[in-house]
Amino acid sequence: MTQEELDALMAGGLDDIMDEETTEPDTQDKVDSSVETKQETAPVKQEKESEDNDIDEEFVKGYRVNPQTAWPPPPPTDDHKMVNQLDDVTKDSEKKATEMFDKLDVINGFFMNAESSCGDLKKDIDKNIEIFTTLSEKFPGVDAFLEALKRNESMKETVENTIGDIQMGQDEIMMAMDMMQYQDIHRQKIERVINVMRALSKYMSSLFEGRIDDDKRVSSAVHIVGDTTTENLVSNDDIEALIESLGNK
(Lines give C-alpha, C1' and ligand atoms only; values in the text may rest on other atoms or scores of the structure.)
Protein backbone atom coordinates (compact mmCIF):
# COMPACT_ATOMS: atom_id res chain seq x y z
CA MET A 1 0.00 0.00 0.00
CA THR A 2 1.38 3.37 -1.00
CA GLN A 3 1.40 6.48 1.17
CA GLU A 4 -1.28 8.06 -1.00
CA GLU A 5 -3.62 5.09 -0.49
CA LEU A 6 -3.02 5.21 3.28
CA ASP A 7 -3.78 8.94 3.36
CA ALA A 8 -6.97 8.36 1.38
CA LEU A 9 -8.05 5.59 3.78
CA MET A 10 -7.42 7.76 6.81
CA ALA A 11 -9.30 10.61 5.24
CA GLY A 12 -12.26 8.34 4.48
CA GLY A 13 -12.32 6.97 8.05
CA LEU A 14 -12.39 10.44 9.50
CA ASP A 15 -15.22 11.38 7.19
CA ASP A 16 -17.20 8.33 8.36
CA ILE A 17 -16.64 9.29 12.00
CA MET A 18 -17.76 12.83 11.28
CA ASP A 19 -20.84 11.51 9.49
CA GLU A 20 -21.74 9.34 12.50
CA GLU A 21 -21.37 12.29 14.86
CA THR A 22 -23.58 14.46 12.67
CA THR A 23 -26.24 11.76 12.33
CA GLU A 24 -26.54 11.13 16.08
CA PRO A 25 -28.56 14.35 16.75
CA ASP A 26 -30.81 13.54 13.80
CA THR A 27 -31.49 10.09 15.23
CA GLN A 28 -32.23 11.55 18.66
CA ASP A 29 -34.62 14.03 17.06
CA LYS A 30 -36.41 11.17 15.32
CA VAL A 31 -36.72 9.25 18.57
CA ASP A 32 -38.10 12.32 20.33
CA SER A 33 -40.55 12.95 17.52
CA SER A 34 -41.69 9.32 17.58
CA VAL A 35 -42.30 9.53 21.35
CA GLU A 36 -44.30 12.72 20.89
CA THR A 37 -46.25 11.09 18.08
CA LYS A 38 -47.10 8.12 20.30
CA GLN A 39 -48.17 10.44 23.11
CA GLU A 40 -50.39 12.37 20.73
CA THR A 41 -51.93 9.26 19.18
CA ALA A 42 -52.65 7.64 22.57
CA PRO A 43 -55.54 10.00 23.49
CA VAL A 44 -56.91 9.61 19.96
CA LYS A 45 -56.97 5.85 20.34
CA GLN A 46 -58.64 6.15 23.75
CA GLU A 47 -61.28 8.42 22.28
CA LYS A 48 -61.91 5.97 19.47
CA GLU A 49 -62.14 3.09 21.93
CA SER A 50 -64.69 5.03 23.99
CA GLU A 51 -66.66 5.72 20.80
CA ASP A 52 -66.61 2.01 19.98
CA ASN A 53 -67.89 1.26 23.48
CA ASP A 54 -70.69 3.80 22.99
CA ILE A 55 -71.63 2.08 19.75
CA ASP A 56 -71.69 -1.26 21.49
CA GLU A 57 -73.90 0.13 24.24
CA GLU A 58 -76.30 1.56 21.69
CA PHE A 59 -76.37 -1.81 19.93
CA VAL A 60 -77.12 -3.60 23.19
CA LYS A 61 -79.91 -1.18 24.09
CA GLY A 62 -81.53 -1.44 20.68
CA TYR A 63 -81.14 -5.19 20.27
CA ARG A 64 -84.29 -7.27 20.01
CA VAL A 65 -84.32 -11.06 19.71
CA ASN A 66 -85.78 -12.15 16.39
CA PRO A 67 -86.22 -15.91 15.79
CA GLN A 68 -86.27 -15.28 12.02
CA THR A 69 -82.67 -13.98 11.91
CA ALA A 70 -79.53 -15.91 12.80
CA TRP A 71 -77.16 -12.93 12.96
CA PRO A 72 -76.11 -11.05 14.98
CA PRO A 73 -76.36 -13.25 18.07
CA PRO A 74 -77.73 -11.79 21.31
CA PRO A 75 -75.18 -9.77 23.30
CA PRO A 76 -73.99 -11.49 26.51
CA THR A 77 -76.00 -9.30 28.87
CA ASP A 78 -77.88 -10.50 31.95
CA ASP A 79 -81.09 -10.59 29.95
CA HIS A 80 -79.58 -13.04 27.43
CA LYS A 81 -77.52 -15.27 29.71
CA MET A 82 -79.35 -18.57 29.57
CA VAL A 83 -78.21 -19.99 32.89
CA ASN A 84 -79.13 -16.76 34.67
CA GLN A 85 -82.56 -16.79 33.09
CA LEU A 86 -83.16 -20.44 34.04
CA ASP A 87 -81.98 -19.73 37.59
CA ASP A 88 -84.49 -16.90 37.81
CA VAL A 89 -87.24 -19.17 36.48
CA THR A 90 -86.58 -21.87 39.08
CA LYS A 91 -86.27 -19.33 41.88
CA ASP A 92 -89.43 -17.39 41.00
CA SER A 93 -91.50 -20.50 40.24
CA GLU A 94 -90.52 -22.12 43.53
CA LYS A 95 -91.39 -18.94 45.41
CA LYS A 96 -94.79 -18.63 43.71
CA ALA A 97 -95.51 -22.33 44.22
CA THR A 98 -94.84 -21.97 47.95
CA GLU A 99 -97.17 -18.97 48.11
CA MET A 100 -99.82 -20.94 46.22
CA PHE A 101 -99.56 -23.85 48.65
CA ASP A 102 -99.98 -21.43 51.56
CA LYS A 103 -103.09 -19.88 49.99
CA LEU A 104 -104.64 -23.28 49.31
CA ASP A 105 -103.94 -24.30 52.87
CA VAL A 106 -105.66 -21.17 54.17
CA ILE A 107 -108.71 -21.84 51.96
CA ASN A 108 -108.82 -25.42 53.18
CA GLY A 109 -108.81 -24.08 56.75
CA PHE A 110 -111.81 -21.88 55.96
CA PHE A 111 -113.64 -24.89 54.54
CA MET A 112 -112.90 -26.93 57.66
CA ASN A 113 -114.24 -24.17 59.90
CA ALA A 114 -117.37 -23.88 57.77
CA GLU A 115 -117.89 -27.63 57.88
CA SER A 116 -117.54 -27.63 61.66
CA SER A 117 -120.06 -24.78 62.00
CA CYS A 118 -122.50 -26.55 59.73
CA GLY A 119 -122.12 -29.69 61.81
CA ASP A 120 -123.02 -27.80 64.98
CA LEU A 121 -125.99 -26.23 63.21
CA LYS A 122 -127.15 -29.64 62.07
CA LYS A 123 -127.11 -30.92 65.65
CA ASP A 124 -129.32 -28.04 66.76
CA ILE A 125 -131.72 -28.68 63.88
CA ASP A 126 -131.91 -32.37 64.83
CA LYS A 127 -132.93 -31.38 68.36
CA ASN A 128 -135.58 -29.04 66.95
CA ILE A 129 -136.90 -31.80 64.71
CA GLU A 130 -137.07 -34.16 67.67
CA ILE A 131 -139.01 -31.60 69.74
CA PHE A 132 -141.48 -30.61 67.01
CA THR A 133 -142.01 -34.24 66.10
CA THR A 134 -143.06 -34.98 69.68
CA LEU A 135 -145.27 -31.89 69.85
CA SER A 136 -146.97 -32.59 66.53
CA GLU A 137 -147.73 -36.15 67.65
CA LYS A 138 -149.20 -35.03 71.00
CA PHE A 139 -151.03 -32.06 69.52
CA PRO A 140 -152.01 -33.11 65.99
CA GLY A 141 -154.51 -30.31 65.74
CA VAL A 142 -151.89 -27.60 66.08
CA ASP A 143 -150.68 -26.75 62.59
CA ALA A 144 -147.82 -24.55 63.84
CA PHE A 145 -145.96 -27.55 65.24
CA LEU A 146 -146.27 -29.40 61.95
CA GLU A 147 -145.10 -26.38 59.91
CA ALA A 148 -142.12 -25.84 62.22
CA LEU A 149 -141.24 -29.52 61.84
CA LYS A 150 -141.28 -29.20 58.04
CA ARG A 151 -139.16 -26.02 58.10
CA ASN A 152 -136.53 -27.67 60.28
CA GLU A 153 -136.46 -30.75 58.07
CA SER A 154 -135.96 -28.51 55.00
CA MET A 155 -133.27 -26.56 56.85
CA LYS A 156 -131.51 -29.80 57.75
CA GLU A 157 -131.46 -30.84 54.10
CA THR A 158 -129.97 -27.47 53.11
CA VAL A 159 -127.26 -27.77 55.75
CA GLU A 160 -126.43 -31.31 54.62
CA ASN A 161 -126.10 -30.10 51.02
CA THR A 162 -123.84 -27.26 52.19
CA ILE A 163 -121.65 -29.70 54.09
CA GLY A 164 -121.43 -31.85 50.95
CA ASP A 165 -120.36 -28.85 48.87
CA ILE A 166 -117.72 -27.93 51.46
CA GLN A 167 -116.33 -31.45 51.41
CA MET A 168 -116.21 -31.40 47.61
CA GLY A 169 -114.31 -28.09 47.80
CA GLN A 170 -111.80 -29.67 50.19
CA ASP A 171 -111.32 -32.55 47.75
CA GLU A 172 -110.68 -30.10 44.92
CA ILE A 173 -108.08 -28.30 47.01
CA MET A 174 -106.28 -31.57 47.71
CA MET A 175 -106.30 -32.34 43.98
CA ALA A 176 -104.88 -28.88 43.24
CA MET A 177 -102.10 -29.47 45.77
CA ASP A 178 -101.30 -32.78 44.11
CA MET A 179 -101.12 -31.04 40.73
CA MET A 180 -98.79 -28.43 42.17
CA GLN A 181 -96.33 -31.22 42.93
CA TYR A 182 -95.57 -31.32 39.19
CA GLN A 183 -94.08 -27.85 39.54
CA ASP A 184 -91.35 -29.34 41.72
CA ILE A 185 -90.72 -31.97 39.05
CA HIS A 186 -90.39 -29.23 36.41
CA ARG A 187 -87.97 -27.35 38.69
CA GLN A 188 -85.83 -30.47 39.03
CA LYS A 189 -85.78 -30.90 35.24
CA ILE A 190 -84.70 -27.28 34.73
CA GLU A 191 -81.98 -27.67 37.37
CA ARG A 192 -80.72 -30.75 35.54
CA VAL A 193 -80.59 -28.76 32.29
CA ILE A 194 -78.65 -26.02 34.10
CA ASN A 195 -76.13 -28.53 35.43
CA VAL A 196 -75.65 -30.02 31.96
CA MET A 197 -75.14 -26.56 30.44
CA ARG A 198 -72.62 -25.63 33.12
CA ALA A 199 -70.75 -28.91 32.58
CA LEU A 200 -70.64 -28.27 28.82
CA SER A 201 -69.43 -24.71 29.42
CA LYS A 202 -66.59 -25.92 31.63
CA TYR A 203 -65.73 -28.63 29.11
CA MET A 204 -65.62 -26.16 26.21
CA SER A 205 -63.52 -23.74 28.27
CA SER A 206 -61.01 -26.46 29.11
CA LEU A 207 -61.05 -27.74 25.52
CA PHE A 208 -60.14 -24.34 24.02
CA GLU A 209 -57.79 -23.37 26.83
CA GLY A 210 -54.32 -22.25 25.64
CA ARG A 211 -50.92 -21.82 27.22
CA ILE A 212 -50.48 -18.29 25.89
CA ASP A 213 -52.42 -15.38 27.32
CA ASP A 214 -54.75 -13.67 24.90
CA ASP A 215 -53.10 -10.27 25.43
CA LYS A 216 -49.78 -11.75 24.31
CA ARG A 217 -51.08 -13.24 21.09
CA VAL A 218 -50.50 -11.72 17.66
CA SER A 219 -53.59 -10.02 16.26
CA SER A 220 -55.37 -11.73 13.38
CA ALA A 221 -54.83 -10.56 9.82
CA VAL A 222 -57.63 -8.45 8.40
CA HIS A 223 -57.31 -9.95 4.94
CA ILE A 224 -55.85 -13.29 3.85
CA VAL A 225 -55.38 -14.42 0.29
CA GLY A 226 -58.59 -16.09 -0.76
CA ASP A 227 -60.91 -13.94 1.37
CA THR A 228 -63.78 -12.40 -0.57
CA THR A 229 -65.32 -10.02 1.96
CA THR A 230 -62.17 -8.17 3.13
CA GLU A 231 -60.25 -7.75 -0.10
CA ASN A 232 -60.33 -3.95 -0.10
CA LEU A 233 -60.78 -3.45 3.62
CA VAL A 234 -58.16 -1.60 5.65
CA SER A 235 -58.97 -0.68 9.24
CA ASN A 236 -58.11 2.62 10.89
CA ASP A 237 -55.75 0.86 13.26
CA ASP A 238 -53.81 -0.53 10.30
CA ILE A 239 -53.52 2.95 8.79
CA GLU A 240 -52.33 4.45 12.08
CA ALA A 241 -49.80 1.65 12.57
CA LEU A 242 -48.50 2.19 9.02
CA ILE A 243 -48.15 5.95 9.56
CA GLU A 244 -46.43 5.43 12.89
CA SER A 245 -43.98 2.92 11.39
CA LEU A 246 -43.15 5.34 8.58
CA GLY A 247 -42.55 8.11 11.06
CA ASN A 248 -40.04 5.99 12.99
CA LYS A 249 -37.93 5.40 9.89
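- An unreviewed UniProt entry lists the protein under the name Chemotaxis protein, with Campylobacter californiensis as the source organism.

Re the overall build of the protein
At step 1: On a plain count of helices and strands, the protein comes out with 4 helices and 0 strands.
At step 2: When the elements of the protein are put in sequence order from the N terminus, they spell out α-α-α-α.
At step 3: Intrachain contacts of the protein at a sequence separation of at least 6 include 66% that bridge at least 24 residues.
At step 4: Per element, the accessible surface of the protein, about 20,500 Å² overall, is 56% carbon and sulfur.

Looking at the nonpolar core
At step 1: Core analysis: the largest hydrophobic core is formed by 7 residues, namely Cys118, Ile125, Ile129, Leu149, Val159, Ile163 and Ile166.
At step 2: For this core, the elements supplying multiple residues, two or more each, are helix 2 (82–138) and helix 3 (143–207).
At step 3: A per-element tally of this core places helix 3 first, with 4 residues.
At step 4: Here Val159 is in contact with Cys118, Leu121, Lys122 and Ile125, once residues within four sequence places are set aside.

Let's talk about the side chain of Gln170
At step 1: On the secondary structure map, Gln170 appears in helix 3.
At step 2: Each residue touching Gln170, except ones within four places of it in the same chain, is listed here: Asn108, Phe111, Met112 and Glu115.

Quick notes on a nonpolar patch on the surface
At step 1: A grouping of Met175, Met179, Tyr182 and Ile185 is seen on the molecular surface, where their side chains present a nonpolar patch of about 430 Å² in accessible area.
At step 2: Within the secondary structure layout, Met175 lies in helix 3.
At step 3: Overall, Met175 belongs to the partly exposed group, its relative accessible area being 43%.

A few points about the packing of helix 2 against helix 3
At step 1: Axis separation between helix 2 and helix 3 bottoms out at 8 Å; the angle between their running directions is 165°. Classified by the interaxial angle, the pair formed by helix 2 and helix 3 is roughly antiparallel. Both helix 2 and helix 3 take part in a crossing whose hand is left-handed.
At step 2: Of the residues assigned to the contact of helix 2 with helix 3, the class counts are 34 nonpolar, 14 polar and 12 charged.

Some remarks on the pattern of salt bridges
At step 1: Using the criterion set out here, one finds 5 salt bridges in the structure.
At step 2: In this structure, Arg187 engages Glu191 in a salt bridge whose closest nitrogen and oxygen atoms are separated by 2.8 Å. Residue Arg187 and its partner Glu191 are located together in helix 3, separated by 4 residues, close to a single helical turn.
At step 3: Classification of Arg187 by relative accessible area gives buried; the value is 14%.
At step 4: Among the charged side chains, a salt-bridge network with shared partners connects Asp184, Arg187 and Glu191.

So, helix 2
Structural remark: α-helix, 3.6 residues per turn; residues separated by three or four positions point the same way.
At step 1: Along its 57 residues, helix 2 runs 83 Å from first to last C-alpha, staying within 8% of the 84 Å computed at 1.5 Å per residue.
At step 2: Buried within helix 2 are the following residues: Val83, Thr90, Ala97, Leu104, Asn108, Cys118, Ile125, Ile129 and Ser136.

Thoughts on the confidence of the model for the protein
At step 1: Per-residue confidence for the protein gives a mean pLDDT of 76; residues scoring 70 or more make up 67%.
At step 2: When mean pLDDT is taken per element in the protein, helix 2 scores highest with 91 and helix 1 (residues 3–62) scores lowest with 50.
At step 3: In this model residues 20–25 is a low-confidence stretch, pLDDT under 50, and it forms 0 contacts with partners more than four residues away in sequence or in other chains.
At step 4: Counting contacts from residues 40–55, a segment whose pLDDT is below 50, to residues more than four positions away or on other chains yields 4 contacts.

Procedures and definitions
Residues numbered from 1 in each chain as written. Predicted model: local features only at pLDDT ≥ 70, side-chain atom pairs only at ≥ 80, totals over all residues. Heavy atoms only, no water. Helix = DSSP H or I, 4+ residues; strand = E, 2+ residues; numbered from the N terminus. Contact = heavy atoms within 4.5 Å. Areas by Shrake-Rupley, 256 points an atom, 1.4 Å probe, with all protein chains shown as cover. Core = buried A, V, L, I, M, F, W, Y, C linked by side-chain atoms within 4.5 Å. Buried < 20%, exposed > 50% of the residue type's maximum accessible area, 1.4 Å probe, protein only. Patch = residues over 30% accessible without salt bridge, like charges linked within 9 Å, V, L, I, M, F, W, Y side chains within 5 Å. Salt bridge = Lys/Arg side-chain N within 4 Å of Asp/Glu carboxyl O. Axes fitted to C-alpha atoms, helices over the stretch in contact; angles between N-to-C directions. Parallel < 35°, antiparallel > 145°, perpendicular 65-115°, else oblique. Left-handed = near helix turned anticlockwise from the far one by under 90°. Nonpolar A, V, L, I, M, F, W, Y, C, P; charged D, E, K, R; others polar. Expected span 1.5 Å × (residues − 1). pLDDT = per-residue confidence, 0-100.

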